[in-house]
Amino acid sequence: MTQEIAVLSAKPDMAVESPPVRKVFVKTYGCQMNVYDSDRMTDALAKDGYVSTDVMEDADLVLLNTCHIREKAAEKVYSALGRLRDLKKKKAGEGREMMIGVAGCVAQAEGDEILRRAPAVDLVIGPQTYHRLPEALKRVKRGERVLETDYAIEDKFEHLPAPDKAKTRARGVTAFLTVQEGCDKFCTFCVVPYTRGSEVSRPVAQIVAEAQKLVDAGVREITLLGQNVNAWHGVGADGEQWGLGELLNRLTRIEGLARLRYTTSHPRDMDDSLINAHRDLPQLMPYLHLPIQSGSNRILKAMNRRHTTAEYIALIARIKAARPDLALSGDFIVGFPGETDEDFEDTLRLVETVGYAQAFSFKYSTRPGTPGAELGDQVPEDVKAKRLERLQALLLEQQNAFAQACIGKTIDLLLEKPGRMPGQLIGRSPWLQSVNVDAKSSQIGDIVSVRITGAGPNSLFAEVVS
Ligand code: SF4
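Residues numbered from 1 in each chain as written. Predicted model: local features only at pLDDT ≥ 70, side-chain atom pairs only at ≥ 80, totals over all residues. Heavy atoms only, no water.

This paragraph deals with the site of the ligand. All residues adjacent to the ligand are Cys183, Lys185, Phe186, Cys187, Phe189, Cys190, Val192, Pro193, His266 and Arg305. Here the residues of the shell around the ligand are counted per class, giving 7 nonpolar, 1 polar and 2 charged. (Near = heavy atom within 4 Å. Nonpolar A, V, L, I, M, F, W, Y, C, P; charged D, E, K, R; others polar.)

Given below as structure tokens:
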């Protein structure tokens, strides 16, 4: 039973009936912004009596929160919907109802097509209209198949409930907070400007209030999210225009908020105030995800990135001058149309020059509706595969070298959750690495001093320094 229901039933003189308990199963694909949205949707449904379940078969409502970034994303959604159709049929045979909803970027991009191809789907809802989800489900209950994919003029965050205290506590001591959505950059390979719309920044007061609520519920580390997070801007309490640097400054005044991060950034939006925030704010972790995608200026131009490799390298030098222990992460696409062997060698050279603690790399694949999809001169699949293999080998070598260099260091570790072994906890290093350490579960949420003793393929090992 949810907390809300318990409160209602504690007032017998009120003629209010508790909504029946229903179960919702949310499958989240893709980025942290989808994780945040899934939590907000679950919170929005709680007032109608929905509780989360991890067992799809038990659910009265299954929501697929989809991502359109990866290759064949839509096809994966359709095959998941095929399995859900069979489950819905089986449950109907047992006299149990199950609604199916599709949310996220595939819903936004393919709404009509989903309803046409997947008759078992009851609801398609785009990322800008999640606040309308409870009402949309009522329409489904009345027998409608609902499509909600317009860009709502109202601010969805004003209508979505703030994070619930009990649920936040259960979700742990780290949390995401979306501060910005959409993108105006129009990189030629990317669907985000079409699925999430143009850049919108949430107001300062709304962000500060949500951060305070998270901290009140026990959160110690907040990651600010945005498709283009450092394009965030707003009017501050002083009446001045603020950028992300000023916002981070303001958030450090929240007592109990120990750590801040932000992702994903565009090199063109790294302004002085944000760089200075890395210098001045000890709460801002020394880790920056700053994608460049290619090391070739010719390809960067074709991608419409609107910066050069020299500008990117100079920018990194400035940020590292401000915060010398900063570690970098990035994204790379190999085999963009027209990419030659020489262009690819430029990418390897750039990676060697910059040095990444972590990076994500993919083969280019066309996204219908993007300018990249119209380009000729596609790179053959086998060439892309070979280039990706070489790039990933280099990135892995750098990642391992970074982890090895951590051995022997004493660092602050935020203890987050139980580890695999009894008596072990998993924490997060300032550079976002998972670290295993022997500690008591009562210490979850503490920041402890540890010495790194070893490095595995995906995590570090440490001992508490007394
Ligand atoms: S800046 Fe990022 S989100 Fe925006 S179009 Fe480029 S890759 Fe997509």
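This is not the end of the story, as more comes after the structure.
On to the side chain of threonine 149, then. Along the chain, threonine 149 turns up in the loop between β6 (146-148) and α6 (156-159). Residue threonine 149 is classed as buried on the basis of its relative accessible area of 19%. Apart from residues no more than four positions distant in its own chain, threonine 149 is found in contact with Ala107, Gln108, Val124 and Gly126. (Helix = DSSP H or I, 4+ residues; strand = E, 2+ residues; numbered from the N terminus. Buried < 20%, exposed > 50% of the residue type's maximum accessible area, 1.4 Å probe, protein only. Contact = heavy atoms within 4.5 Å.)

A maximum bend of about 90° is found in helix α4 (residues 104-117) at glutamate 110. All of the buried residues along α4 are Gly104, Cys105, Val106, Ala107, Gln108, Gly111, Ile114 and Leu115. Buried residues along α4 sit against β3 (61-66), α3 (73-93), β4 (99-103), β5 (123-125), β6 and α8 (192-195). (Bend = angle between axes of the 7 residues up to and from the residue.)

The next point concerns the confidence of the model for the protein chain. Detailed conclusions should not be drawn from predicted coordinates in areas where pLDDT is low. Within the protein chain, residue pLDDT values average 90, and 95% of them lie at 70 or more. Confidence drops under a pLDDT of 50 for residues 1-16, and excluding neighbours within four residues, the segment shows 16 contacts in the predicted structure. (pLDDT = per-residue confidence, 0-100.)

Under the counting rule described, the total for this entry stands at 32 salt bridges. Notably, a salt bridge pairs arginine 196 with aspartate 37, separated by 3.1 Å at the nearest N-O pair. Residue arginine 196 is found in the loop between α8 and β9 (200-201), and its partner aspartate 37 is found in helix α2 (residues 32-46); the two are separated by 159 residues along the sequence. Both residues of the pair, arginine 196 and aspartate 37, belong to the buried class. The shortest N-O distance in the salt bridge between arginine 279 and aspartate 280 comes to 2.7 Å. Judged by relative accessible area, arginine 279 falls into the partly exposed class, the value being 49%. Each of the salt bridges in this network shares a partner with another, and the network as a whole consists of Arg132, Arg139, Glu144, Glu148 and Asp150. (Salt bridge = Lys/Arg side-chain N within 4 Å of Asp/Glu carboxyl O.)

All right, on to unusual backbone geometry then. A cis geometry characterises the amide bond from threonine 263 onward to threonine 264, with omega recorded as 5°. Locating threonine 264 in the fold gives a position in the loop between β13 (259-263) and α11 (272-280). In the Ramachandran plot, asparagine 304 falls in the positive-phi region, its phi being about 60° despite a non-glycine side chain.

So, about the domain arrangement of the protein chain. With domains assigned, the protein chain is organised as domain 1 (19-148), domain 2 (160-404) and domain 3 (410-464). Computed over C-alpha atoms, the centres of domain 1 and domain 2 are 28 Å apart. Counting from both sides, the interface comprises 23 residues of domain 1 and, opposite them, 26 residues of domain 2. Interface of domain 1 and domain 2: buried area, both sides summed, is about 2,200 Å²; carbon and sulfur atoms make up 59% of it. Of all residues in domain 1, the largest losses of buried area upon contact with domain 2 belong to Met33, Tyr36 and Arg40, amounting jointly to 31% of the total for that side. At the boundary of domain 1 with domain 2, the tally comes to 1 salt bridge. (Domains from an automatic or database assignment. Buried area = accessible area lost by both parts, 1.4 Å probe.)

Looking now at the sheet that holds β5. On the basis of which strands lie adjacent, the open sheet formed by 6 strands has the order β2-β1-β3-β4-β5-β6 and parallel pairing. Each edge of the open sheet is held by one strand with a lone partner, namely β2 (50-52) and β6. Strand-to-strand, the axes of this sheet are offset by a mean angle of 20°, without reference to chain direction. Across 3 bridges, β5 lies against β6 in parallel orientation. Residue pairing for β6: isoleucine 125 is matched across the bridge by glutamate 148. (Pairing = 2+ DSSP bridges. Axes fitted to C-alpha atoms, helices over the stretch in contact; angles between N-to-C directions.)

Once that is clear, we can look at the pairing of strand β17 (residues 410-418). In this sheet, strand β20 (residues 447-455) lies alongside β17 in antiparallel orientation, the contact comprising 5 bridges. Bridging across to β20, threonine 410 finds its partner in arginine 451. Taken together, the 4 bridges between β17 and strand β18 (residues 424-428) define a ladder with antiparallel strand orientation. What sits directly across from leucine 415, in β18, is glycine 427. Two successive antiparallel strands, β17 and β18, enclose a turn made up of 5 residues, where glycine 423 displays a positive phi of approximately 80°.

Overall, the coordinates contain 4 aromatic pairs when judged by the stated rule. Here phenylalanine 336 and tyrosine 364 contribute two aromatic rings whose centre-to-centre distance is 5.1 Å and whose plane-to-plane angle is 70°, an arrangement assigned as edge-to-face. Taken as a pair, phenylalanine 336 in the loop between β15 (327-334) and α14 (341-354) and tyrosine 364 in the loop between β16 (358-363) and α15 (381-406) lie far apart in primary sequence, 28 residues in all. For phenylalanine 336, a relative accessible area of 0% puts it in the buried group. For the ring pair phenylalanine 402 and tryptophan 431, a centre distance of 6.0 Å and an interplane angle of 85° mean the geometry is edge-to-face. With phenylalanine 402 in helix α15 and tryptophan 431 in the loop between β18 and β19 (434-438), this residue pair connects regions lying 29 residues apart in the sequence. According to the relative accessible area criterion, phenylalanine 402 is partly exposed, its value standing at 22%. Given the relative accessible area of 9%, tryptophan 431 is considered buried. (Phe/Tyr/Trp six-rings, centres within 6.5 Å; stacked < 30°, edge-to-face > 60°.)

One key point about sheets: their strands pair by backbone hydrogen bonds, in either a parallel or an antiparallel sense. With parallel pairing, 3 strands are arranged side by side in an open sheet as β14-β15-β16. Edge positions in the open sheet fall to β14 (287-289) and β16, since each of these has one partner strand only. Here the strands of the sheet are splayed against their neighbours by 10° on average, with no regard to which way each runs. In this structure, β14 lies alongside β15, joined through 3 bridges in parallel fashion. The residue of β15 that forms the bridge with leucine 288 is leucine 328. Against the sheet, α15 touches β15 and β16, its axis set at about 175° to β16.

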